[in-house]
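Listed here are the chains, written in short residue letters.
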Amino acid sequence: MNSKWTGKDFGITAGISLVYFMITMVVMMSGALTPILWIFMPALIGFFTGIPYLYIVAKEAKPGVVFLMNLIVGVIYFIAGELSNLVIVTLIITVLAEGVRKVGGYHNLKTTLFSHVIFSFGMFGNPLYIWAFPEYTVARATEEMSAEYATVMQNVAQIWMLPVMIAATVILALVGSMLGKTVLKNNFPTLR
């Protein structure tokens, strides 16, 4: 395995990171339509980012790809003013996806799929606010969206919804990964 980074490798990883960021932003903005989309944001991100994630980890099968993606996305969110404390924590935790790739092998399909599931929890910190800080989150939703939006969010975000959201993230990230595998398998033998 060639673990040496080139300018081209960095450019490709940065480009895919921007695609990943745009997908997360579209999913996050769709949460304005209904709190259900906001609560299930990590699951939707996991589904829609399966193809770009599998592309970059297959194309750049070397250490640091996941770390660099997290760093780039985190910096962009910071610049945009959307990097909250809980998102910082969940982005840091998802660096475990890099560890999974290292332990399981950079060309191992199962490792790649599992690392995408972990990576999909990067934006988990955003909806986690409704359970960690409910009064604050409802007040912000009332101020930024509407009282009706906040009421629906509060009604939907019961404590039993948290494990449902976690399970949905795992399932939809796996589905997104399998979709990515299907789309990309002809270009990357390691995805077969």
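Residues numbered from 1 in each chain as written. Predicted model: local features only at pLDDT ≥ 70, side-chain atom pairs only at ≥ 80, totals over all residues. Heavy atoms only, no water.

When helices and strands are tallied, the chain shows 12 helices and zero strands. Mapped in sequence order, the helices and strands of the chain form the string α-α-α-α-α-α-α-α-α-α-α-α. Taking 192 residues into account, the globule formula puts the C-alpha radius of gyration at 16 Å, and the chain, at 17 Å, falls close to it. For the C-alpha atoms alone, the extent of the chain along its principal axes is close to 55 × 30 × 25 Å. Counting every position in the chain, which comprises 192 residues, the buried fraction comes to 51%. (Helix = DSSP H or I, 4+ residues; strand = E, 2+ residues; numbered from the N terminus. Rg over C-alpha atoms; globule rule 2.2 N^0.38 Å. Buried < 20%, exposed > 50% of the residue type's maximum accessible area, 1.4 Å probe, protein only.)

Time to look at the layout of surface pockets. Looking at the largest pocket, its volume works out to about 600 Å³. Taken together, 20 residues make up the lining of the largest pocket; nearest its centre are W38, E82, N126, R140 and E144. Secondary structure elements with two or more residues in the lining of the largest pocket: α1 (7–30), α9 (125–132), α10 (134–144) and α11 (147–156). Per element, the largest residue contribution to the lining of the largest pocket is five residues, and it comes from α10. (1 Å grid on protein atoms, 1.4 Å probe; cavity = no way out; pocket = protein on both sides within 12 Å on 5 of 7 lines; lining within 4 Å. Points joined across faces, edges and corners; volume = space filled by probe spheres on them.)

A cluster of nonpolar side chains, F67, L71, V75, F78 and I79, forms an exposed patch at the surface whose accessible area comes to about 540 Å². Structurally, the position occupied by I79 is in helix α5 (residues 65–80). Judged by its relative accessible area of 67%, I79 is exposed. (Patch = residues over 30% accessible without salt bridge, like charges linked within 9 Å, V, L, I, M, F, W, Y side chains within 5 Å. Areas by Shrake-Rupley, 256 points an atom, 1.4 Å probe, with all protein chains shown as cover. Salt bridge = Lys/Arg side-chain N within 4 Å of Asp/Glu carboxyl O.)

A few words now on helix α3 (residues 41–48). α3 sits mainly inside the fold: six of its eight residues count as buried. The elements touched by buried residues of α3 are α1, α2 (35–39), α4 (50–59), α8 (109–119), α9 and α12 (161–184). (Contact = heavy atoms within 4.5 Å.)

If you look at the biggest cluster of nonpolar residues, it comprises 60 residues, and the most contacted ones within it are I39 and W131. The leading source of residues in this core is α1, at nine residues. Setting aside anything within four residues of it in sequence, one finds W131 in contact with I39, A157, Q158, I159, M161, L162 and M165. (Core = buried A, V, L, I, M, F, W, Y, C linked by side-chain atoms within 4.5 Å.)

Going through the model one piece at a time under the given rule, you end up with four salt bridges. In this structure, E98 and R101 form a salt bridge, with 3.3 Å as the shortest nitrogen-oxygen distance. Taken together, the positions of E98 and R101, both in helix α7 (residues 96–104) and three residues apart, correspond to about one turn of that helix. Considered together, E98 and R101 belong to a single accessibility category, that of buried residues.

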